[in-house]
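This is what each chain is made of:
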Amino acid sequence: MGFLGRKLAALVATVAVASLVIFGALYLAPGDPAALLAGGHQPNPAALAEIRARYHLDDPFLAQYWHWLSGLLSGYPGDSMVLKEPVTALIAARMPTTALLVAYASLLILILGVSSGIVAGVAGRRVDGALTVTTTVLMAAPAFVAAILLIWVFATKLAWFPVYGSGTGFAGRIHHLTLPALALSGGYLAYVSRITRTEVRAELGSDHVAAARARGLPRGHVLGRHVLRNAAPPILAVSGVTVAGLFAGTAVAEQAFGVSGLGSLLVQSAARQDMVVVQALALLLVAVFVLVNTLVDVLNAVLDPRLLKERPA
Amino acid sequence: MRRVHRSGIALLLGLTLTACSGSGEAPSTGAGAIDLVETTPAATGEVGTVTWALPSGEPSSLDPAHTGDYSANTVGTNLCESLLRLEPDFSTAPGLASAVTQKNPTTVIITVRDGVTFWDGSPLTAADVVYSLKRNMDPEVGSYAAHVYANVATIAATGPQQVTVTFRKPDVQFVPDMAGVPGAIVQERFAVRAGAAFGTAAGGLMCTGPYRLGDWSSGQKITLTRYDGYWDTARRAKAATFAFVPLTDSSTLTSALLAGEVDGVYGAPGGSIAALRRSENGTLYFGPSTESFSLGAVAADGPAADPRIRQALDLAIDKSSFITSVLKGAGAPLKTFTPPLSWHGSPARDVYDAGYAALPDTTVADLAAARKLVAEAAPSRTDLVIATAAGDQSLLQTATIAQAAAREIGLTVTIKQLQPAEYAGMFYDPSLRAGIDLIATTGYLEVPGALYYAPGFVLKGETFNWTNYQNPEVTANIEAAVSATDPVVSAQRFVAAQAIYGPAKLQITLAGSYNRLYLNKRITGAPASFSYISSPWAALVGAP
């Protein structure tokens, strides 16, 4: 089995196990979703029975799981129990906003995180110290706290950005998603910056860099060819994990800024015990996480072909 | 470096300050005492678009049969009107019915108003009324209002504009119930065709209200547009469109209100009362409400089933400090679970008021009396469990206050936070109540009528009678009250029953909370009282 084959098999196996865990966890969750769906003061037993039958709630666990899985595999994960719309339609409507938010936050993380890390790595103690303080603060602040601060400063006081909403059109969306992207990326950005700084420092102190310097190679050349190239794989790996993790982080940022995306849909559906939507979304998030990680592995392998060789048994 | 460092500290300070203001320990409610108003100054002109927040999130359906919470009512009552209209003082006026008459204890006559049209221009008929009411009795529909129809035998058109409802058992609460969502009318043809999707973003609605359902982009906003053929020309909508946006994060909502991005909200966040009262671009109004906080006994055995223990807990909790800490001052003591606003519009108001005044006042804590009751009861166990809904801060605070009070009188309280589905299930599934003694809860009446709550709590075998409360005198009086067509007689019998079951504290009522309405200064006219929950209130909103 080649490198790609192994990676793909691992991806499929992870998602398969995740599907069972997700379904099982929600199956075991306390409370009767039928009661919430029936609502009102005193749910009618006949109405409850009807709901239970419609959503196969009385079937044995494995039968329910199989029903769900076969639906997923055939591209029809079912209808929302609460909104009565197909889950695919609900996800499709919110996917672009979340994808844009994640892309925006990823760019902030990669550009600001990596570049500030490089600067901290090569610059003197004063700049390094300043960046260390900043990243410490960013890492300490949870997304919802960052959201409150960002709204207070940039939306209420300065009125540069809107307080809430998803916006329309590309410019409108970017305008609306700037604060959520900042809140979402803050902690991850600081983390990537720290890792980059450490890796760059390590490479700067290594023998081959010292040798290159001794040979009188220009500073930029040493940084580009010797330092950054060798520091890249771990930075890339960490960035990949953080970007993959962004999808999960969107729940907090979207909720705080009233952005209509997958994260807020997950929070909303969980609160309403809309199992069908929660299950599909949870699995989707796991799949995206695993997929992005796999892509990072492949990218790393391209940069460092030694990884492609099968390890000796 | 120093500059960055300092800004780092400022940022950290900012975090600490935010955390403090979020914890809500300051009881201050801003400038001055709270004045209650039923309405805001009437609007004099039209406005274009009004943006309104829904702090409880997006409604899952606007089908009146599936409407029964804050968000769905806030939006839906402007679309599908009821047979009667709820006024700000909680009295009722004719709505889609020009009259709803209790002919005798088991017959109600509905006269359908002439000249009302649905949004598609077709006239409202008696058949639509029969269909809409009967829908609530269909298990397939699973209506939230099914309980209102529990005693109904038949609903039939008995004339071109007349519908007759007959009852298996007398139920004078049915008429006031028609002022709420249980009496909402939809078009039969449209509803039948839409099927299960009726009232959702996909299926749409067809009703007679001052607004019609416009664009509903799920998760983002629900837009209502003015219906130009609305029958009540005096109450024609002043705003061309009304956009409802779900904003569940209270700090984001407050910022959006202060920044003017959102024009108004019902149920403004309790923690933001001080900030909103200081706002220069709008006004925070407080109105009378039927909402209340309480601890309900849910066990038929154990300490909470003993009235003396419930009375002791009631005496141990200081209601004034509860109002200060949980409600931030925006509430008032309440002696029993049926709030006085529910009978304000009744012709027998004086009888009800006198009965209420005669109930014992336990606003101020009396620990000595409470300890005496506990000693008398000498419960076999002194540890109790109070259930709350996970994630609901004010209910958790309520339970914590009860816990502290219980400790003072020798009882140990454990707080159990339940997931929403489990918490909701407790209200009808006895197995989920096992191991729980009390439940911290909020409640409200969406329609007038003193008989809205009482029968369910005090009659044998009823939904909320979790302690198996039984008292022959109470039963006789409540049964007489629900079958008396003379409002004064009904009130007298109700008051007689309340005098007995009230002190038994089946619900330990902690306080009534005021309705909180915030309006940007560019708009006015919305009712400040809780009547918005059942009336087409948005039509009144316009330019000052």
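Residue indices begin from 1 for each chain and proceed along its sequence in written order. Note on labels: chains are lettered from A, ligands numbered from 1, in written order. Only residues with pLDDT of 70 or above have their local features reported here, since the model is predicted, and side-chain atom pairs are shown and tallied only from 80 upward, although totals for entire chains, interfaces and linings are computed over all residues. Only hydrogens and water are set aside; all other atoms, that is, all heavy atoms of the structure, feed into the side-chain values.

An unreviewed UniProt entry annotates chain B as Putative ABC transporter substrate-binding protein originating from Actinoplanes missouriensis. UniProt positions are given in the numbering used here, feature names are shortened, and annotations may be inferred rather than shown by experiment. According to the UniProt record, the Sequence similarities (unreviewed entry) comment for chain B is "Belongs to the bacterial solute-binding protein 5 family."

Within an unreviewed UniProt entry, the label attached to chain A reads Putative ABC transporter permease protein, and the organism entered is Actinoplanes missouriensis. UniProt lists a comment for chain A under the heading Sequence similarities (unreviewed entry), and it reads "Belongs to the binding-protein-dependent transport system permease family."

## With respect to the sheet that holds strand β5 (residues 107-112) of chain B
All names here are of chain B. Strands are treated as partners if at least two bridges between them are detected by DSSP. Secondary structure elements are defined from DSSP: runs of H or I of at least 4 residues count as helices, runs of E of at least 2 residues count as strands, and each element is numbered from the N terminus. One open sheet holds the 4 strands; their spatial order is β4-β5-β7-β6, and the pairing between them is antiparallel. One side of each edge strand has no neighbouring strand; the edge strands of this open sheet are β4 (97-104) and β6 (152-159). Each neighbouring strand pair of the sheet contributes to a mean axis angle of 20 degrees, computed without reference to strand direction. In this description, contact between two residues means that some pair of their heavy atoms is separated by no more than 4.5 Å. Fitted lines through C-alpha atoms serve as axes, helices being fitted only where they are in contact, and the angles separating the N-to-C directions of these axes extend from 0 to 180 degrees. Contacts between helix α3 (residues 126-135) and the sheet are confined to β5, β6 and β7 (162-167), with β6 contributing the most and set at about 170 degrees to the helix.

## A short note on the packing of helix α5 (residues 87-122) of chain A against helix α8 (residues 169-204) of chain A
Direction vectors running N to C along α5(A) and α8(A) enclose 35 degrees, while the axes themselves pass 4 Å from each other. Handedness of the α5(A)/α8(A) crossing: right-handed. Two helices cross in a left-handed way if the nearer one is turned anticlockwise from the farther one by less than a right angle. They cross in a right-handed way if the turn is clockwise.

## Here's the deal with the pairing of strand β16 (residues 412-418) of chain B
Residues and elements named next belong to chain B. Bridge count between strand β15 (residues 383-389) and β16: 7 bridges; the pairing is parallel. Its bridge partner lying in β16, Asp383 is registered against Thr412. Handedness of a crossover is defined as follows: with both strands directed away from the viewer, a clockwise route from the first strand across the helix to the second makes it right-handed. You can see the chain leave β15, run along helix α12 (residues 393-408) and come back into β16, and the turn it takes is right-handed.

## Concerning the pattern of salt bridges
Residues and elements named next belong to chain B. We define a salt bridge as a contact between a side-chain nitrogen of Lys or Arg and a carboxyl oxygen of Asp or Glu at a distance within 4 Å. Per the counting criterion, the structure on display carries 18 salt bridges over all chains. Two residues, Asp437 and Arg381, come together in a salt bridge whose shortest N-O distance is 3.0 Å. With a gap of 56 residues between them, Asp437 in the loop between α13 (420-426) and β17 (438-443) and Arg381 in the loop between α11 (367-377) and β15 connect regions that are remote in the sequence. A relative accessible area of 2% places Asp437 in the buried class. Take Arg381: its relative accessible area is 33%, and that puts it in the partly exposed class. Only protein chains enter the accessibility calculation, which uses a 1.4 Å probe. A residue is then buried if its area is under 20% of the maximum for its type, exposed if over 50%, and partly exposed in between.

## Digging into α11(B)
Because each turn of an α-helix spans 3.6 residues, side chains separated by three or four positions in sequence point in the same direction. Residue and element names in this part refer to chain B. The set of residues buried in α11 consists of Ala370, Leu373, Val374 and Ala377. Axial view of α11: buried residues confined to an arc of 100 degrees, hence all on one face. Pointing more than 90 degrees away from the buried face of α11 are the exposed residues Ala368, Lys372 and Ala375. Its buried side turned inward, α11 meets α8 (307-316). Of the residues trailing α11, Ala378 is marked for its positive phi of about 40 degrees. Directions drawn from the helix axis to the C-beta atoms are what define this arc.

## Structural notes on the pairing of β5(B)
When you tally the buried positions in β5(B), you get 5 out of 6 residues, the bulk of the element. Here β4(B) hands over to β5(B) after 2 residues, the two strands then running antiparallel side by side.

## Considering the UniProt feature "domain: Solute-binding protein family" (unreviewed entry) in chain B
The sites that carry the UniProt feature "domain: Solute-binding protein family" (unreviewed entry) are, in the present numbering, residues 93-422 of chain B. Helix makes up 28% of residues 93-422 of chain B and strand 25%, and the two end C-alpha atoms of the span are 39 Å apart.

## Digging into the UniProt feature "transmembrane region" (unreviewed entry) in chain A
Residues and elements named next belong to chain A. When the UniProt feature table is mapped onto this chain numbering, "transmembrane region" (unreviewed entry) sits at residues 101-123, 130-154, 174-192, 235-257 and 277-303. For the annotated span residues 101-123, helix accounts for 96% and strand for 0% of the residues, and the straight-line distance between the end C-alpha atoms is 32 Å. Helix makes up 100% of residues 174-192 and strand 0%, whereas the separation of the span's terminal C-alpha atoms amounts to 23 Å.

## Quick notes on the sheet that holds strand β10 (residues 239-246) of chain B
Residue and element names in this part refer to chain B. Taken together, 7 strands build an open sheet; the order of strands is β8-β9-β10-β1-β11-β19-β12 and the sheet is mixed. Edge positions in the sheet fall to β8 (211-217) and β12 (282-287), since each has one partner strand and no second. In this sheet, neighbouring strand axes are inclined to one another by 20 degrees on average, regardless of whether the strands run parallel or antiparallel. In this structure, β8 lies alongside strand β9 (residues 221-226), joined through 5 bridges in antiparallel fashion. Bridge assignment links Leu213 to a residue of β9, and that residue is Leu224.

## Section: the domain arrangement of chain A
Residue and element names in this part refer to chain A. Taken domain by domain, chain A consists of domain 1 (3-74) and domain 2 (89-308). Between the C-alpha centres of domain 1 and domain 2 the distance comes to 32 Å. With 20 residues of domain 1 at the interface, the matching set in domain 2 holds 20 residues. Both sides together, the interface formed by domain 1 and domain 2 hides about 1,600 Å², and carbon and sulfur atoms give 81% of it. Here the quantity called buried area is the total loss of accessible area, with a 1.4 Å probe, experienced by two parts when brought into contact, counted for both. When residues of domain 1 are sorted by the area they lose upon contact with domain 2, Phe3, Leu11 and Leu26 head the list and together hold 32% of the total. Here domain 1 and domain 2 share 1 salt bridge between them. A salt bridge links Lys7 to Asp297; the nearest nitrogen and oxygen atoms lie 2.9 Å apart. The definition of a polar contact used here is a pair of N or O atoms within 3.5 Å, where within protein one atom must be able to donate a hydrogen and the other to accept one, and adjacent residues in sequence count solely through side-chain atom pairs. Linking domain 1 with domain 2 are 1 residue pair in polar contact (both at pLDDT 80 or more). Contributing elements (two or more residues each) for the side of domain 1 that touches domain 2: α1 (3-28), α2 (33-38) and α4 (61-73). With 13 residues, α1 is the single largest residue contributor to the side of domain 1 that touches domain 2. Residues are grouped as follows: Ala, Val, Leu, Ile, Met, Phe, Trp, Tyr, Cys and Pro are nonpolar; Asp, Glu, Lys and Arg are charged; every other residue, Gly included, is polar. Grouping the constituent residues of the side of domain 1 that touches domain 2 by class yields 15 nonpolar, 3 polar and 2 charged. Note that the domain bounds were set by an automatic or database domain assignment.

## Details of the UniProt feature "domain: ABC transmembrane type-1" (unreviewed entry) in chain A
The UniProt record annotates "domain: ABC transmembrane type-1" (unreviewed entry) at residues 95-296 of chain A. Regarding residues 95-296 of chain A, the helix share stands at 86% and the strand share at 0%, and the terminal C-alpha atoms are separated by 22 Å.

## Quick notes on the state of the cysteines
Residue and element names in this part refer to chain B. Cysteine sulfur atoms that pair up within 2.5 Å are treated as a disulfide. Here the structure, examined in full by the defined rule, presents 1 disulfide over all chains. Between the sulfur atoms of Cys80 and its disulfide mate Cys207 the distance is 2.0 Å. Between Cys80 and Cys207 the sulfur-sulfur dihedral comes to about 65 degrees; the bridge is accordingly right-handed. Of this pair, Cys80 sits in the loop between α2 (70-76) and β2 (84-86) while Cys207 sits in the loop between α5 (188-194) and β8; the two residues are 127 residues apart in sequence, bridging distant segments of the chain. Of the two residues examined, Cys80 and Cys207, each falls in the buried class.

## Looking at the packing of helix α10 (residues 349-357) of chain B against helix α16 (residues 487-501) of chain B
Residues and elements named next belong to chain B. The interhelical angle for the contact between α10 and α16, taken along N-to-C directions, is 10 degrees, at an axis separation of 9 Å. With respect to their mutual orientation, α10 and α16 come out roughly parallel. Packed against α10, whose contacting residues are Val351, Tyr352, Gly355 and Tyr356, the element α16 presents Val488, Ser490, Ala491, Gln492, Phe494, Val495 and Gln498 at the interface. Partitioning the contact of α10 with α16 into residue classes produces 7 nonpolar, 4 polar and no charged. By the definition adopted for this analysis, an angle is roughly parallel if under 35 degrees, roughly antiparallel if over 145, roughly perpendicular if from 65 to 115, and oblique otherwise.

## Things to note about α3(B)
Residue and element names in this part refer to chain B. Of all the 10 residues making up α3, 8 are buried; the element is thus mostly covered by neighbouring parts of the structure. All of the buried residues in α3 are Ala126, Asp128, Val129, Val130, Tyr131, Ser132, Leu133 and Arg135. Residues of α3 that are buried make contact with β5, β6, β7 and α5.

## With respect to the nonpolar core
In these notes, a set of buried Ala, Val, Leu, Ile, Met, Phe, Trp, Tyr and Cys residues joined through side-chain atoms within 4.5 Å is what counts as a nonpolar core. In terms of nonpolar packing, the biggest core is built from 91 residues, with Phe257(A) and Val262(B) touching the most fellow members. The greatest single-element share of this core, amounting to 13 residues, is contributed by helix α12 (residues 275-303) of chain A. Setting aside chain neighbours within four positions, we find Phe257(A) in contact with Ala147(A), Ile151(A), Val163(A), Tyr164(A), Gly165(A), Leu179(A), Pro180(A), Ala183(A) and Thr252(B).

## So, the domain arrangement of chain B
Residues and elements named next belong to chain B. Along its sequence, chain B is carved into domain 1 (24-78 + 200-289 + 515-540), domain 2 (84-192) and domain 3 (292-513). Between the C-alpha centres of domain 1 and domain 3 the distance comes to 30 Å. Every contact between the two is made by 19 residues of domain 1 and, on the other side, 10 residues of domain 3. Together domain 1 and domain 3 conceal approximately 1,200 Å² of surface at their shared face, both sides included; 59% is due to carbon and sulfur atoms.

## Quick word on unusual backbone geometry
Residue and element names in this part refer to chain B. Unusually for a residue other than glycine, Phe90 sits at a positive phi of about 65 degrees. Looking at where Phe90 falls in the secondary structure, it is placed in the loop between β2 and β3 (92-94). Among the residues examined, Phe90 registers a relative accessible area of 1% and is labelled buried. Backbone geometry at Asn468 places phi at a positive 55 degrees, although glycine is not the residue there. As for its position among the elements, Asn468 is in the loop between α14 (454-458) and α15 (472-483).

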